[in-house]
Amino acid sequence: MTRYIQRIILMLCIGLGATMISNAQSEDEKTIGTERVVIVKAYTPTISDAFKVKSIPVFNDSITKSKKAIKYSIFSVPVASTYTPVKGKAANIDKAKKVPLYDNYATLGFGNFTSILAEFYSNFQIDRTDNVGVYLHHNSSQGGIKDLVLDDTFFNTALDLNYTSRTRDLVYGIEVGAEHQLYNWYGVPTIPALTQAQIDEIDPAQSYIGAYVGGKIKVDDSFFKEASLKYRYFGDATSTVEHHIVARPKFELEVADEIITTEVIVDFLNGSYDTTIPNTTTDAYSTLNLGVSPNLIVLRDDLTLNLGAAIYYSTDLENSENNFYIYPKITGTYRVSGDQVIAYGGIEGDLYQNSYRNAVNENPFISPNLILTPTHNQYDGYLGIKGKLLNRVTYNVRGSYVSEDSKPLFVNNTRNATPTEGYQYGNSFSYRYDDITTFKGFAEVKVDLNRKFTLGINGTFYSYSTDVEEEAWNLPDFEASMSADYQITEKWYAGAQLFFVGERNDIDNNPTLTTQQTVTVDSYIDANINIGYRFNDRLSAFIKGNNLFGDNYNKWNNYPVQGIQVLAGATYKFDF
């Protein structure tokens, strides 16, 4: 109690003092005036010691209690557990059985129309760097197409040999080959009909013989990258002879992180006929094409560009005519969305050397005195999109516009008034050249379901515009194809192909016509199927069926093909 009384007295004294000071200030304010103040010394304030409590208070509270120490303990109770850890294992993956690879195989098959198919391939590994390859192919038939008045026998045999050597920085090879083909000009027109005596005078057989020798070389870590050289001889039973030499060296330089490639082209063609071309005095041809094609490759993330051109100097040595050509070679691709959507396009041109052998491979029923001149492909401009869908389906859609000068077109020859050769009865073809522009629309889809089944479908639409000729002779307006392969079981496999070719136009070769008339060659469908069985890794048997619809359609005017064709055989793989 004494403590509280002292605190009250102290607070009253403080309040009284504050009141007296306030009153004194009020009185001074009433009489305040001006006064001159003279400072004789700078103000130097000092800090005096403040009043501090020098002792620590001692509490004397009866309710103060000391803290008690708290002790903790864990009450452990054992718990039964039945968990037993098991060491992890990698999941099993089904591995495909490794298929043995053999360096050699032989195939032999026989079918109706007395047809024979034979193939032999062998690869000899001389040592670690050198090997020799041999390939022999034979396909023949004794004919038998209904309602023909001439023999339709044919055969095609080819033999190829090659030698290749591979070292660390160099790869080179040499190849030689020979071929022998036999065909018959059996497509004699029925109007006007020939007499039996005239038919008996016709010798429709035509045989072709060819041979070639060539070499290739490829060099690493050098501006000279590769080169190829090939000489080819080709002739026939009518004494037509052709020599063709092509050389293509290629160089590559890297400039400012960009790649520049340059290809040089030397193309020489020379040939002669035993007989002159009708309405001309020509009995030989000789053409030399010299070209250079530089190209700049630009790689930028998803963009790839090829910026190039082709420059040619072409000379007709027989007629002393010279021409100079420049063609664009610009292509590009851009990945719009990875592998799903890839846009591509380009504009390309080139000079193509037409040869007698190339004409025979496309149409073996030609007359042996073609006029041959290069085709000037001014440009082929195209745009397209390709890619993948669901990683199982690939697609490709493209549209293009092509301009070609001196494009060769096959036309059916008219029957001679006094024929003396087997190809002068309206049963052979020759070339007509024209300037043609072509619009092409192409679409393709491929499906790969489960490594056992693949399917591919494509189609191409054509629209032609000619300069001189009435039609783009023997060129189809539409083409389509479908192919499928199915691995039925480990032993059985099958495949199928379907081809469709649209209508084509040709010249009516009836000699009684006073003006040129057009004949339409109908469209056709050719269905093929093959089935095979593997006895083991080495031996397998197969059966093939061609033209299963049995339609004797005309591939060329007045040239029907064989109907249903069936061929069975076997293939044996081996190592020496």
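Residues numbered from 1 in each chain as written. Predicted model: local features only at pLDDT ≥ 70, side-chain atom pairs only at ≥ 80, totals over all residues. Heavy atoms only, no water.

1. Focus on a negative patch on the surface
Quick reminder of the rule: The patches described consist of residues with a relative accessible area above 30% and no salt bridge, like charges being joined within 9 Å and nonpolar side chains (Val, Leu, Ile, Met, Phe, Trp, Tyr) within 5 Å. Exposure was quantified through the Shrake-Rupley algorithm and a 1.4 Å probe, taking into account, for residues, occlusion by the shown protein chains and nothing else. Any Lys or Arg side-chain nitrogen located within 4 Å of an Asp or Glu carboxyl oxygen qualifies as a salt bridge. His residues and chain termini do not enter the charge count, which takes Lys and Arg as positive and Asp and Glu as negative. Charged groups are reduced to one reference atom each: NZ for lysine, CZ for arginine, CG for aspartic acid, CD for glutamic acid. Note on conventions: DSSP H or I runs of at least 4 residues are helices, E runs of at least 2 residues are strands, and numbering of each starts at the N terminus. Note on classification: 1.4 Å probe, protein chains only; a residue is buried when its accessible area is under 20% of the maximum for its type, exposed when over 50%, partly exposed between these limits.
Together, Asp 477, Glu 503, Asp 522 and Asp 551 give the surface a local cluster of negative charge. If you trace the backbone, Glu 503 turns up in the loop between β19 (492-501) and β20 (504-507). Using a relative accessible area of 43% as the deciding quantity, one classes Glu 503 as partly exposed.

2. Quick word on the pattern of salt bridges
Opposite charge on two side chains allows them to pair when their charged atoms are near. What the rule picks out here adds up to 9 salt bridges. Of the charged contacts in the structure, one is a salt bridge between Arg 357 and Glu 179, with a shortest N-O distance of 2.8 Å. Placement of Arg 357 in helix α3 (residues 356-362) and of Glu 179 in strand β5 (residues 170-184) is noted, with a sequence separation of 178 residues between them. Neither Arg 357 nor Glu 179 differs from the other in exposure class; each is buried. Two residues, Glu 404 and Lys 407, come together in a salt bridge whose shortest N-O distance is 3.6 Å. Residues Glu 404 and Lys 407 agree in their burial class; the two are buried. One network of salt bridges, with partners in common, ties together Glu 179, Arg 232 and Arg 357.

3. Observations concerning the confidence of the model for the protein chain
To be explicit about the condition: What pLDDT conveys is the predictor's confidence in a given residue, as a value from 0 to 100. Residues count as neighbours in contact if any of their non-hydrogen atoms are within 4.5 Å of one another.
Confidence in the prediction for the protein chain averages 87 pLDDT; 82% of positions are at 70 or higher. Per-residue pLDDT stays below 50 along residues 21-32; that stretch engages in 0 contacts with residues further than four places along the chain or on separate chains.

4. Some thoughts on the environment of Gly 173
Tracing the sequence through the fold places Gly 173 in strand β5. Setting aside its immediate chain neighbours within four residues, Gly 173 contacts Tyr 163, Thr 164, Gly 214, Gly 215 and Lys 216.

5. So, unusual backbone geometry
One non-glycine residue with positive phi stands out, namely Phe 113, at about 60°. Taking relative accessible area as the criterion, Phe 113 reaches 19% and is therefore assigned buried. With a phi angle near 70°, Ser 239 is a residue other than glycine that sits in the positive phi range. You can see Ser 239 is positioned in the loop between β7 (224-236) and β8 (241-255). Look at Ser 239 and you get partly exposed, because its relative accessible area is 45%.

6. Re the side chain of Asn 123
By the element assignment, Asn 123 lies in strand β2 (residues 115-125). In this structure, Asn 123 is in contact with Asp 103, Asn 104, Asn 131, Val 132 and Gly 133, ignoring residues within four places of it in sequence.

7. As for the side chain of Gln 424
Here is the rule: Any pair of nitrogen or oxygen atoms within 3.5 Å is treated as a polar contact; in protein, a donor-acceptor pairing is required on top of that, and neighbouring residues in sequence qualify only through side-chain atoms on both sides.
Relative to the elements of secondary structure, Gln 424 occurs in the loop between β15 (393-412) and β16 (429-448). A polar contact of 2.8 Å, which involves the side chain of Gln 424, links it to the backbone nitrogen of Thr 420. Apart from residues no more than four positions distant in its own chain, Gln 424 is found in contact with Arg 415, Asn 416, Thr 418 and Pro 419.

8. Remarks on the packing of aromatic side chains
Here a ring pair, both rings aromatic, is described through the centre-centre distance and the interplanar angle of the planes. The criterion, for reference: A pair of Phe, Tyr and Trp rings is counted when the ring centres sit within 6.5 Å of each other, with Trp represented by its six-membered ring. The angle between the planes then sorts it: under 30 degrees is stacked, over 60 is edge-to-face, the rest tilted.
With the rule as written, the count across this model stands at 33 aromatic pairs. Ring centres 5.4 Å apart and planes at 70° place the aromatic pair Phe 410 and Trp 556 in the edge-to-face group. Separated by 146 residues along the polypeptide, Phe 410 in strand β15 and Trp 556 in strand β24 (residues 554-556) bring together distant segments of the chain. For Phe 410, a relative accessible area of 4% gives the class buried. On the accessibility criterion, Trp 556 (8% relative accessible area) is buried.

9. Considering the pairing of β19
What counts is decided by this rule: Note on pairing: two strands pair once DSSP finds at least 2 bridges between them.
Pairing analysis gives 8 bridges linking strand β18 (residues 478-486) to β19, with the strands arranged antiparallel. Looking at the pairing, Ser 483 lines up with Gln 497 of β19. Count of turn residues in the β18/β19 antiparallel hairpin: 5 residues.

10. What to know about a nonpolar patch on the surface
Together, Tyr 486, Ile 488, Trp 492, Ile 529, Ile 531, Ile 543, Leu 548, Ile 564 and Val 566 line one region of the surface with nonpolar side chains, adding up to about 730 Å² of accessible area. Assignment of secondary structure puts Val 566 in strand β26 (residues 565-574).

11. Some details on the nonpolar core
As a rule of thumb, soluble globular proteins bury nonpolar side chains together. We apply this condition: As used here, the term nonpolar core means buried Ala, Val, Leu, Ile, Met, Phe, Trp, Tyr and Cys residues forming a set that is joined through side-chain atoms within 4.5 Å.
Counting 28 residues, the largest nonpolar core has Tyr 356, Phe 365, Ile 366 and Leu 370 as its most contacted members. Put simply, the parts of the chain that give this core at least two residues each are α3 and β16. Of all the elements, α3 adds the most residues to this core, at 3 residues. The contacts of Phe 365, once residues within four sequence positions are left out, are Tyr 183, Asn 184, Trp 185, Tyr 186, Asn 427, Ser 428, Phe 429, Trp 556 and Tyr 559.

12. Quick look at the pairing of strand β12 (residues 321-337)
Pairing analysis gives 14 bridges linking strand β11 (residues 303-316) to β12, with the strands arranged antiparallel. When the sheet's bridge partners are listed, Ala 309 is paired in β12 with Pro 328. The antiparallel pairing of β11 with β12 creates a hairpin that spans 4 residues between the two strands, and Ser 320 there sits at a positive phi of about 55°. Where β12 lies against strand β13 (residues 341-352), 8 bridges are found, and the strand directions are antiparallel. Across the sheet, residue Thr 331 finds its bridge partner in β13, namely Gly 346. Linkage of β12 to β13, two consecutive antiparallel strands, is achieved through a turn of 3 residues, within which Gly 338 is found at a positive phi near 55°.

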